[in-house]
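Summary of the model geometry
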Amino acid sequence: MPAKSSGWTSLSALRALSVTAWDRGQLLRETLEPSGVYPRRRVLKRPSAAELRDNYAAARDWAAALFSAAGPFSLETVDIGRATIGSNQVPAAAVFASVEDEVAFAGKSRELQRFLSLADSLAGLDSLLLSWAAKRPKQLLDLGDSALVAAGVALWLQSNPSPGVYVRQLSLPGVHTKFIEAHRRTIDEMLEALVGSQASAEDLSQQPSDLEVLLDARPARTSGARFAERHGFLHPPEQVRFRVLDPSLEVLGGARDITVTAEAFESLRLPVTRVIITENLVNFLSLPEQPGTLAIFGKGYGFSSLRDASWLRDCEVHYWGDLDTHGFRILDQLRSVHPHVVSVLMDEETLLEHRESWSEEPAPSRALLGRLTPDEARVYEGLQSDSYGNRVRLEQELIGWEWVQARLGNATVLPTASDGMCQLSVHSLRGPV
């Protein structure tokens, strides 16, 4: 039976090896920090003498394709088949004399020239930045001129530690708040290259150290706030927007819709027993008056503003999000901060009752969630697996208001404790939660 040629290293397979080396940044890095690997020899899987005898035509075509492509590389050959069908010189290895030759074979010469130009511009700003370019070569190429702008910020930070101004006040060409937000990590890494810090940019954004905990130091809540704190910028405080749904409660005179800093929110001591967190602004504004109840306007992923509000742990807290995979993922994340949170209007009955309002979720979450109840997990998995239909989602603002009121408007609020603080109540909602 003729031998198959699929195991031999084809020209396309050889090129794929070089393209992979490019995609991993290895070829780019080699141009900045030569490792001595060149001339690089890539061994080819070739026909055996038996395969040459049994499938000579295929072996001939295979070798011809490699010989015709030689130029960026040279071919080493071996003599096989002498004792069976006669002497044949068969390609055994492809040898690239230089990294530029392998880049050309991968079809990336133009990109290499762009990379070298960018690296040269970085070196013109400060030669120490080349260590960052060697560490993140593909990132330099992907960022393009934005990498040079980020380098300018890093150099400015090196010269201006603890500037004591808002990022918005930086007067650097091309630099604005959104640029900083998008390139914080790159700026940190470049600054590390400039100052020779022993801590990596990843370490800088981790959780507080044991010493910070012992000293009760409170780390900045968000990545943007951590960046500002790390470099001595001013940063706007996080804010929490809430509505007092109990008309008998006096907070700020007659104010009902209030926004305070997260720090102020954590210090509140309101005589409420129940808190409802909702992601939709109209729902937040439409929630009816209810005794002993507070509504919080959520912000999707990220509950850092509620992290230190320990008084919420003594309240009955309900979360109302979209009935889609990301809604459940946000719920799971909220429970990492406040484990006792109960979902509402995120059940299968609500989902099935509103079929006519279903839409398609653009990019469903595939995350494994460990903080959902069994019923929540069943709905989440059904949404993931398209058990209800293709990428089904039910946005919270499309749920019938009568349905909402029937489940949110019949809470039985337990009497408050003698100190007026929250008391945890259970089974206060009618219907599945």
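Report follows, based on the coordinates. (Residues numbered from 1 in each chain as written. Predicted model: local features only at pLDDT ≥ 70, side-chain atom pairs only at ≥ 80, totals over all residues. Heavy atoms only, no water.)

Side note on the pattern of salt bridges
On inspection of all chains with the given rule, the structure shows 18 salt bridges. The closest approach of N and O atoms between Arg53 and Asp54, which form a salt bridge, is 3.0 Å. The partner of Glu349 in a salt bridge is Arg407, and the shortest N-O contact between them spans 3.7 Å. With Glu349 in helix H19 (residues 348–353) and Arg407 in helix H21 (residues 401–408), this pair connects stretches of sequence that are 58 residues apart. (Salt bridge = Lys/Arg side-chain N within 4 Å of Asp/Glu carboxyl O. Helix = DSSP H or I, 4+ residues; strand = E, 2+ residues; numbered from the N terminus.)

Here's the deal with the packing of aromatic side chains
Under the criterion given, the structure shown has 10 aromatic pairs. Where Phe242 meets Phe265, the ring centres are 5.8 Å apart and the plane angle is 50°; that geometry is what we call tilted. In this pair, Phe242 is assigned in strand E4 (residues 239–244) and Phe265 in helix H15 (residues 262–266), connecting sequence segments 23 residues apart. Through a chain of ring-to-ring contacts, the aromatic side chains of Phe73, Phe96 and Phe105 assemble into a single cluster. For the cation-ring pair, Arg407 lies above Trp403, with the distance from its terminal atom to the ring centre recorded as 3.7 Å. (Phe/Tyr/Trp six-rings, centres within 6.5 Å; stacked < 30°, edge-to-face > 60°. Lys NZ or Arg CZ within 6 Å of the ring centre and 35° of its normal.)

Re helix H9 (residues 145–159)
Along its 15 residues, H9 runs 22 Å from first to last C-alpha, staying within 8% of the 21 Å computed at 1.5 Å per residue. Those residues of H9 that fall on the buried side of the exposure criterion are Ala147, Ala150, Ala151, Val153, Ala154, Leu155 and Leu157. (Expected span 1.5 Å × (residues − 1). Buried < 20%, exposed > 50% of the residue type's maximum accessible area, 1.4 Å probe, protein only.)

Here's the deal with the sheet that holds strand E3 (residues 88–96)
Strand order in the open sheet formed by 3 strands is E1-E3-E2, with antiparallel pairing between adjacent strands. Single-partner strands in this sheet number two, and they are strand E1 (40–43) and strand E2 (74–80). Direction aside, neighbouring strands of the sheet carry axes that sit 35° apart on average. Sheet topology note: the E1/E3 ladder contains 4 bridges and is antiparallel. Within E3, the residue paired with Arg42 across the bridge is Ala94. Of the strands in this sheet, E1 and E3 are in contact with helix H1 (residues 11–23), which crosses E1 at around 130°. (Pairing = 2+ DSSP bridges. Axes fitted to C-alpha atoms, helices over the stretch in contact; angles between N-to-C directions. Contact = heavy atoms within 4.5 Å.)

A few points about the sheet that holds strand E5 (residues 257–261)
Strand order across the open sheet formed by 6 strands is E5-E4-E7-E6-E8-E9, with mixed pairing between neighbours. On the outer flanks of this sheet lie E5 and strand E9 (342–343), each paired with one strand and no other. Here 5 bridges tie strand E6 (residues 274–278) to strand E7 (residues 293–297), and the two strands are oriented parallel to one another. Paired with Ile277 across the two strands is Ile296, which belongs to E7.

By themselves these figures say nothing about function.
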